[in-house]
Amino acid sequence: MKKEEQLSLEYKFEFVGADYNSYVFETSSKIIYEIQFKPTPYLFDSSKEYAKFSFEFIIAVLHNPIQGRPPLDGNTSRTIAKIFEDFYQKFNNTVTIYICESSDNRQMVRHRKFNIWFEEFHENMFLKIDTVFTDTQGKRIPSSLIIKKDNPFRTQIFDEFVKISDSFDK
Amino acid sequence: MEKSIIDRLVEDKKQAIKDAKKNLQKPEYQAALQRLRLRNEERRTAIVGV
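Asks: Go over helix 4 (residues 154-167) of chain A with me, naming the residues and quoting the values.
Replies: For helix 4 of chain A, which comprises 14 residues, the first-to-last C-alpha distance of 20 Å matches the rise-based estimate of 20 Å (1.5 Å per residue) to within 8%. Listed in full, the buried residues belonging to helix 4 of chain A are Ile157, Phe161 and Ile164 of chain A. Buried residues in helix 4 of chain A, looked at end-on, bunch into an arc of 60 degrees, giving them a common side. Turned more than 90 degrees from where helix 4 of chain A packs its buried face, Thr155, Asp159, Lys163, Asp166 and Ser167 of chain A sit exposed. Summarising the contacts, the buried residues of helix 4 of chain A are in contact with strand 5 (95-99), strand 6 (126-134) and strand 7 (140-148) of chain A together with helix 1 (5-23) of chain B.

Below, the structure is given as structure tokens:
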């Protein structure tokens, strides 16, 4: 492998912080992505110690000079995985919820892609639990909850997430 | 009717994606992008210099 190729396995990224614990990076196609870890203290019962560590994982495009959907780019996936790790290094007890964007009804496709991404990059450090929620419009929305394997609250977190998920089936 | 957790998550996500383009104009984002471009430039220089 050439040196340039070795160095380009992922893009460099910067932590912005701000309200949503944002990161930014720019691809070789000059697309600028923002990765957010938006606090979701309402996800769990607020009396639970882990409630304050819960975040919604959001991938947003800040700038896209190419018209249409950004092209497939393996470096983007690797960069997002590195950002994910970086955030969990900052806050070890992080609980992330990822819900698949559903405004264009492609949520199931996104869910499959997200699963492939997770399997490729979790490196046995993370645990994921999946469910499908139904919103008030009746739309089915696949969602995943991710924690580090060594999260001290993992049993309670998964139990409570299953309870939340079950409450949507009633 | 009280919003369900999933409705809040969906709305928050939609709003965040909608607001993303505006974030680019914020000084903290501009500063981060400037740092990022500087680091990318340093990397390119390092590759050329090898």
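Asks: Could you give an account of the interface of chain B and chain A, naming the residues involved and the relevant values?
Replies: Each partner contributes to the interface: chain B provides 27 residues, whereas chain A provides 34 residues. Breaking the side of chain B that touches chain A down by element, the ones donating at least two residues are helix 1 and helix 2 (27-49) of chain B. For the side of chain B that touches chain A, the leading source of residues is helix 1 of chain B, giving 14 residues. Partitioned by chemical class, the residues of the side of chain B that touches chain A number 14 nonpolar, 3 polar and 10 charged.

Calculation rules
- Residues numbered from 1 in each chain as written.
- Chains lettered and ligands numbered in written order.
- Predicted model: local features only at pLDDT ≥ 70, side-chain atom pairs only at ≥ 80, totals over all residues.
- Helix = DSSP H or I, 4+ residues; strand = E, 2+ residues; numbered from the N terminus.
- Expected span 1.5 Å × (residues − 1).
- Buried ≥ 20, exposed ≤ 12 C-beta atoms within 10 Å, placed from the backbone.
- Arc of directions from axis to C-beta.
- Contact = placed C-beta atoms within 7 Å.
- Nonpolar A, V, L, I, M, F, W, Y, C, P; charged D, E, K, R; others polar.

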